[in-house]
Structures are given as C-alpha cells and as structure tokens.
Amino acid sequence: VQLQASGGGLVQLGGSLRLSCAAPSRSTFSGYAKGWFRQAPGKEREFVAAISRRGSITYYADSVKGRFTISRDNAKNTVYLQQNNLKPGDTAVYYCGATSAVVPGRTPSGYEYWGQGTQVTVSS
C-alpha cells in the first residue's frame, strides 16, 4: 500500500485545513483501517485520529477531539482529516498510516504502511 499525504500548509490561529491521504489501489485501500499521527520537532510521533475500514468507527486523541474530524471515501481511495480551530500546538508533520488490524490502534507500531507526511504550521 502506497500512501500519499497532502493538504498541509501555514495557517493562523483558529484557521482550518483539510488533509488528504490517497492510495492508488482501491482493492488494498478499502481493506485497511487508517490513522493520522503527527510528529513535532524533537518529539515522538503521536496519535491523532483513526477510522475503521468502512468508516463506522472513529476515535481521536483528547487534544483534538471536537476540532478534528477523520473520514474516508473508499470510492476515491482517500482518507481525510478536517482540522478546525487550529492552535500553535498542532504544528507538526502529519502522517497517515494503514493497518490490517480490524480495530486501528493508537500506537505507530500497529501500522504497517505510512505516507511521506505533510507539514502543518499554525502561527499565533
């Protein structure tokens, strides 16, 4: 599974972005649960949000709950992360991961495939 993340950029405090993570093959994409993680300079990669294979189950890190929304469109081979009310603490490189696990986990080691990352920078 090859994942391509995009949609990052520079926004001001309170702004919004929508990140996308696309996979080229529908047959493999729909069979994987997906997760978004982020990594700030000098810090470990941390969990942001995850979504099950069909999109019926989603969950979030407490730090983004109520501000971020994960969704997926299997017909377009894409998973999204809508980010609203962005804060400087959200500044990081955001990565999407894919896992064959039925229930996607909250740790990076549980994901088998990764995209290249997209930078999100929030200025105050």
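Given the structure is predicted, the values throughout are model-derived calculations rather than measurements.

Colleague: Go over the packing of aromatic side chains with me, naming the residues and quoting the values.
Modeller: The geometry of an aromatic ring pair comes down to the distance between the two centres and the angle between the two planes. All chains considered together, the criterion is met by six aromatic pairs. Summarising the aromatic geometry, the rings of F37 and F47 are spaced 5.6 Å apart at their centres and angled 75 degrees between planes, so their arrangement reads as edge-to-face. Here F37 is found in strand β4 (residues 33-39), whereas its partner F47 is found in strand β5 (residues 46-51), with ten residues between them in sequence. Of the two residues, F37 and F47, neither departs from the other in class, the shared state being buried. Centre to centre, the rings of F47 and Y59 are 5.9 Å apart; their planes meet at 35 degrees, and the pair counts as tilted. Placement of F47 in strand β5 and of Y59 in strand β6 (residues 58-60) is noted, with a sequence separation of twelve residues between them. One exposure class covers both F47 and Y59, and it is buried. Taken together, the ring pairs connect F37, F47, Y59, Y111 and W114 into an aromatic cluster.

Cut-off values and rules
- Residues numbered from 1 in each chain as written.
- Predicted model: local features only at pLDDT ≥ 70, side-chain atom pairs only at ≥ 80, totals over all residues.
- Heavy atoms only, no water.
- Phe/Tyr/Trp six-rings, centres within 6.5 Å; stacked < 30°, edge-to-face > 60°.
- Helix = DSSP H or I, 4+ residues; strand = E, 2+ residues; numbered from the N terminus.
- Buried < 20%, exposed > 50% of the residue type's maximum accessible area, 1.4 Å probe, protein only.

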